[in-house]
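# Commentary on secondary and tertiary structure
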Amino acid sequence: MGVSVDRLVAARVTAPRDPTPWIGVLGIVVLVAAQVYGVISSPPDRDMGHLQKIMYVHVPAAWNAMLAFLVVALASLRYLWKGRPADDLLAASAAEVGALLTGLTLALGMIWGKPTWGVWWTWEPRLTSTAVLFFMFVAYLILRSFVDDFERRAQWSAVVGLLGALNVPIVYMSVRWWRTLHQLQSSPMTLDSSYTWPLRVNAVAVMLLMAFAIVHRYRTAVTEYTADELADHAALRGEGNRV
Amino acid sequence: MSWKEEWRRVRAVALKDLTSERRSRAGLNAVTFLGVLVLMLFGFALGPDAEALREAAAGAIWLAILFSGVLAFNRSYQLELDGGALEPLLLYPGARWAVFAGKLLANLAFVFLVELIVIPVALVLFHVSIADGWMAQISVTVLGTVGFVTLGTFYAAMSSRSRSREVLLPLLLFPMMIPVLLGAVEASSSLLAGDVMQEAGAWIRMLIAFDITFLAAAVAAFEYVIEV
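These figures come from a predicted structure and were not determined experimentally. The residue numbers shown here count from 1 along each chain, following its written sequence. Just so you know, chain letters begin at A and ligand numbers begin at 1, following the order they were written in. Selection of residues for local features in this predicted model requires a pLDDT of at least 70, selection of side-chain atom pairs for listing and counting requires 80 or more, and totals for whole chains, interfaces and linings are taken over all residues.

## A short note on the nonpolar core
Definition in use: We define a nonpolar core as a collection of buried residues of the types Ala, Val, Leu, Ile, Met, Phe, Trp, Tyr and Cys that are connected via C-beta atoms lying within 7 Å of each other. Three classes are used. A residue is buried when 20 or more other C-beta atoms lie within 10 Å of its own, exposed when 12 or fewer do, and partly exposed in between, with C-beta atoms placed from the backbone. In this description, a residue-residue contact is defined by the distance between C-beta atoms placed from the backbone, which must lie within 7 Å.
The biggest cluster of nonpolar side chains holds 124 residues, and the ones touching the most others in it are A68, V72, A91, A94 and M210 of chain A together with I61 and A122 of chain B. Other than its neighbours up to four places away in sequence, A68 of chain A contacts A94, V97, G98, L101 and M210 of chain A.

This is the structure we're talking about:
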């Protein structure tokens, strides 16, 4: 073990206790409570029956995926402005969680769509734009995995993230026009008040879990980055083999 | 730096790219041939029914342009990377966006040349007549192409300098192209059917908004992409 890594470990030990895990614990507790609340309080839907309960994960996942995309865009913008590595790591963490949430939204939407609409997939505007969003998240992550140099990866993915964010409203508008100019798709989400509160609480629960995942992933990335930096410095001082 | 000087730089980069393309011609021939080939494949996949072919024509034309055109953009940087000429090009005085604008113009000329062959072939193969409203059809084609080439040239500045560039560029580019694809195909189909629903105008406005947004974004962001 080199001196530098000892210092890194010391820094981690003396740092104030990391409150992140508690966000996760709180998220799980709220999620369980919210799911129980949703299942007990809301009556089976007239048309969909208990299938409607999928909404309590599907809709919060979709909302929070948008939020994750916003975090990617803001962190990317800040990286281009200030050039701090931490902002890039935050954007990457949010993109990973966002890709997971859009994937979850799509999967649950399909499971719900099969018995309700009779098809696994329909070119419904929101479904289609979510799929496009998913592909943009995935392309962003693939770009990151294909570029090795840190600065290049950070700069490029920040630009790709921003252009993607710029495109989200255009994609949504164009997909909506594309469908509505041809046929009208009735929205099944005409909500009764007995469904709105469980939905809101579940949204908060998913948001807490998302915040936990992003922050945890971000801290891991920062630690990795710091370790790499320290190893580089040690190597420059001729201590490379000790790390 | 005056605008006139920047324009001279833009023109110099564009002419340089076009000259090297004109002398080899390998890229243009191959890409055009691929575009025609994709059209043939669509013909086989959709069957010989003339009515079905006519209805799918606009979509087939745009996919042929997208699939063949995407191969052109990496080339636009590849020749310079191979010759170690990209860095000297960036070291010349003047704004970086001039390099992007020059490459954009050269790629536009390239894709327009490809379309000049591919679209007439498609009209023949798919039994389409554009006698009415050909001006509107051409403007839809130009607007769609500008959006496609702008983002293609921009993303190729990254993909051409990374690993697996052949697969990375379409992965980055095609999800972004969905509004262009929808706008161009819907406007073209609507015009081919006589635009009875009057919807082509809305799509053309959407294409104009897309082009302006991403032209401005690409010109502003090119510096960040090319400097690392």
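## Concerning the confidence of the model for chain B
To be explicit about the condition: Predictor confidence is given residue by residue as pLDDT, running from a minimum of 0 to a maximum of 100.
For chain B, mean pLDDT is 87; residues scoring 70 or higher make up 98% of the total. Interface confidence in the predicted complex, given as ipTM, is 0.85; pTM for the same model is 0.84.

## Comments concerning helix α4 (residues 85-117) of chain A
Helical periodicity: at 3.6 residues per turn, an α-helix aligns residues three or four positions apart in one direction. Selection criterion: Think of it this way: any DSSP run of H or I at least four residues long counts as a helix, any run of E at least two long counts as a strand, and we number them from the N terminus. A helix's residues, less one, multiplied by 1.5 Å, set its expected span.
For α4 of chain A, which comprises 33 residues, the first-to-last C-alpha distance of 46 Å matches the rise-based estimate of 48 Å (1.5 Å per residue) to within 8%. The first or second residue beyond α4 of chain A is G118 of chain A, which carries a positive phi of 85°.

## Looking at the packing of helix α2 (residues 26-46) of chain B against helix α3 (residues 50-82) of chain B
All names here are of chain B. Note the threshold: Fitted lines through C-alpha atoms give the axes, limited to the stretch in contact for helices. The angle between two N-to-C directions lies from 0 to 180 degrees. Put simply, angles under 35 degrees are roughly parallel, angles over 145 are roughly antiparallel, angles from 65 to 115 are roughly perpendicular, and the rest are oblique. Crossing handedness follows the turn of the near helix against the far one: under a right angle anticlockwise gives a left-handed crossing, and clockwise gives a right-handed one. Any residue outside Ala, Val, Leu, Ile, Met, Phe, Trp, Tyr, Cys, Pro, Asp, Glu, Lys and Arg is labelled polar, Gly included; the first ten of those are nonpolar and the last four are charged.
At their nearest, the axes of α2 and α3 sit 9 Å apart, and the two run at 150° to each other. The orientation of α2 with respect to α3, classified from their angle, is roughly antiparallel. In this structure, α2 crosses over α3, and the sense of that crossing is right-handed. Residues G27, V31, L34, G35, V38, L39, F42, G43 and L46 of α2 lie in contact with α3, whose contacting residues are A52, L53, A56, A60, L63, A64, I65, F67, S68, L71, A72 and R75. Counted by class, the contact of α2 with α3 contains 16 nonpolar, four polar and one charged residues.

## Focus: the environment of A72 of chain B
Residue placement: A72 of chain B occurs in helix α3. Taking the number of C-beta atoms within 10 Å as the measure of exposure, A72 of chain B has 22 and is therefore buried.

## Things to note about the interface of chain A and chain B
A common way to report how large an interface is uses the accessible area buried once the components associate. Across the boundary between the two partners, chain A contributes 25 residues, which contact 24 residues of chain B. Within the residue set of the side of chain A that touches chain B, elements represented by two or more residues are α5 (125-146) and α6 (150-180) of chain A. Top contributing element to the side of chain A that touches chain B by residue count: α6 of chain A, with 15 residues. Taken together, the residues of the side of chain A that touches chain B sort by class into 20 nonpolar, three polar and two charged.

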